[in-house]
Amino acid sequence: VGGLRFENQAQFDPTTYLLGLANSLTARGVRIYEDSPVVEIESGVSVTVSTQNGRVRAADLILATNHPIRFSPTLSPQLATYQSYAVAFALTADHRLPG
């Protein structure tokens, strides 16, 4: 039985990364809301997001979801039946991979 081995591959712990990202953002005044399903989004000069727990108004909104928001309990027919993972970040010279 054959196989391949790739030396010096990067390893990534998404939990550690996300906790660091959340801490960095909240230290800069960003508010992160969890367990607050969105029921409506109103955009204009600012953005108002209504959730099951209340309303939030902000200058900017990051909508990071793999599922289209349709505000209904049914699954979207556009939703693919697979999982995918994506990550994007900028590396400084101190954090670049060798080679």
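Residues numbered from 1 in each chain as written. Predicted model: local features only at pLDDT ≥ 70, side-chain atom pairs only at ≥ 80, totals over all residues. Heavy atoms only, no water.

Peer 1: Pulling in residues and values, what's your account of the overall build of the chain?
Peer 2: Counting secondary structure elements, the chain contains one helix and three strands. Each helix and strand of the chain, ordered N terminal to C terminal, gives the series α-β-β-β. The 99 residues of the chain split such that 6% are buried. If you take every contact in the chain between residues at least 6 apart in sequence, the share linking residues at least 24 apart comes to 19%. Total accessible area on the chain is roughly 9,400 Å²; 54% of this is exposed by carbon and sulfur atoms. (Helix = DSSP H or I, 4+ residues; strand = E, 2+ residues; numbered from the N terminus. Buried < 20%, exposed > 50% of the residue type's maximum accessible area, 1.4 Å probe, protein only. Contact = heavy atoms within 4.5 Å. Areas by Shrake-Rupley, 256 points an atom, 1.4 Å probe, with all protein chains shown as cover.)

Peer 1: Pulling in residues and values, what's your account of the side chain of Ser50?
Peer 2: Looking at where Ser50 falls in the secondary structure, it is placed in strand S2 (residues 47-51). Within the structure, the side chain of Ser50 is placed 3.4 Å from the side chain of Arg55, a separation counted as a polar contact. Those residues in contact with Ser50 that sit more than four places away from it in its chain are Pro37, Val38, Val39, Glu40, Glu42 and Arg55. (Polar contact = N/O pair within 3.5 Å; in protein donor to acceptor, adjacent residues only side chain to side chain.)

Peer 1: Tell me about the pattern of salt bridges, residues and numbers included.
Peer 2: For the structure shown, the criterion picks out one salt bridge. Put simply, Arg55 and Glu42 hold a salt bridge, and the shortest N to O gap is 3.6 Å. Placement of Arg55 in strand S3 (residues 54-58) and of Glu42 in strand S1 (residues 38-43) is noted, with a sequence separation of 13 residues between them. Arg55 sits in the exposed class, given a relative accessible area of 55%. (Salt bridge = Lys/Arg side-chain N within 4 Å of Asp/Glu carboxyl O.)

Peer 1: With reference to specific residues and values, describe the packing of aromatic side chains.
Peer 2: As enumerated under the stated definition, the model contains one aromatic pair in all. Aromatic side chains Phe12 and Tyr17 sit 5.4 Å apart centroid to centroid with 50° between the ring planes, which places their arrangement in the tilted category. The class for Phe12 is partly exposed, based on a relative accessible area of 45%. Tyr17 sits in the partly exposed class, given a relative accessible area of 27%. (Phe/Tyr/Trp six-rings, centres within 6.5 Å; stacked < 30°, edge-to-face > 60°.)

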